[in-house]
Amino acid sequence: LYHLVNSGYASRYGWAKEDFKLMGIKRFIYPAYQSDFNLPAKRPRWSVIDNSRISDKLGAEIMDWKDSLRDIIFKRG
């Protein structure tokens with residue numbers, strides 16, 4: 001099983017904060033917690049997808065998610 005994702009990790013909260021920062025939006029973002037939602041399935045507190053297996057197999061360094069987000073925001077305007 002291979003996970004083709006950017007390197008690094010972020011919560012949805014961390015991703016939203018970085019997105020707002022790059023776009024110059026100066027708003028406070030309130031973090032949400034699992035306990036705030038009535039989800040039918042139990043979820044682990046810490047769960048990230050690791051790309052090291054495919055990165056090693058391909059012999060390639062995969063771009064960090066922050067760099068990729070910056071590229072997307074500034075290339076699409």
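Think of each chain on its own: its residues are numbered from 1, step by step along the sequence as written. Two thresholds apply to this predicted model, a pLDDT of at least 70 for residue-level local features and 80 or more for giving and counting side-chain atom pairs, whereas whole-chain, interface and lining totals are computed over all residues. The side-chain figures draw on all heavy atoms in the structure; neither hydrogens nor water molecules are used.

Enquirer: Can you walk me through the overall build of the protein in this structure?
Expert: Under the DSSP-based scheme used, a helix requires at least four consecutive residues in state H or I and a strand at least two consecutive residues in state E, with every element numbered from the N terminus. The helix and strand inventory of the protein stands at 3 helices and 0 strands. Moving toward the C terminus, one meets the helices and strands of the protein in the order α-α-α. Throughout, the radius of gyration refers to the C-alpha atoms, and the reference size of a globule is 2.2 Å times the residue count to the power 0.38. Taken over C-alpha atoms, the radius of gyration comes to 15 Å for the protein, far larger than the 11 Å a tight globule of 77 residues would show. Taking the principal axes of its C-alpha atoms as reference, the protein extends roughly 40 × 35 × 15 Å.

Enquirer: In this structure, what is going on with the confidence of the model for the protein? I would like to understand it.
Expert: Detailed reading of the predicted model is not advised wherever pLDDT is low. Scored between 0 and 100, pLDDT is the confidence that the predictor attaches to each residue. When pLDDT is averaged along the protein, the result is 91; 97% of the residues meet or exceed 70. Model confidence for the protein, summarised as mean pLDDT per element, is weakest for helix 3 (residues 65–76) at 91 and strongest for helix 2 (residues 52–58) at 95.

Enquirer: Would you mind showing me how to read the side chain of Asn-51 here?
Expert: Relative to the helices and strands, Asn-51 is located in the loop between helix 1 (12–23) and helix 2. Its relative accessible area of 9% is what places Asn-51 among the buried residues. The criterion used for residue contact is that any of the two residues' heavy atoms lie within 4.5 Å. Filtering out sequence-adjacent residues up to four positions away, Asn-51 remains in contact with His-3, Val-5, Asn-6, Ser-7 and Ile-62. Any residue under 20% of the maximum accessible area for its type is buried, any over 50% is exposed, and the rest in between are partly exposed; the area is computed with a 1.4 Å probe on protein chains only.

Enquirer: Help me understand the pattern of salt bridges, please; the structure alone is not making it clear to me.
Expert: Between side chains of opposite charge, a pair can form when the charged atoms approach closely. Salt bridges are defined as contacts in which a side-chain nitrogen from Lys or Arg sits within 4 Å of a carboxyl oxygen from Asp or Glu. Under the counting rule described, the total for this entry stands at 2 salt bridges. For the salt bridge of Glu-18 with Lys-21, the shortest nitrogen-to-oxygen distance reads 3.5 Å. Separated by 3 residues within a single helix, Glu-18 and Lys-21 lie in helix 1, roughly one turn from each other. Two residues, Arg-70 and Asp-67, come together in a salt bridge whose shortest N-O distance is 2.8 Å. Of the two residues, Arg-70 and Asp-67 are both situated in helix 3; the distance of 3 residues between them amounts to about one turn of the helix. Relative accessible area serves as the criterion here: at 33%, Arg-70 is assigned to the partly exposed category.

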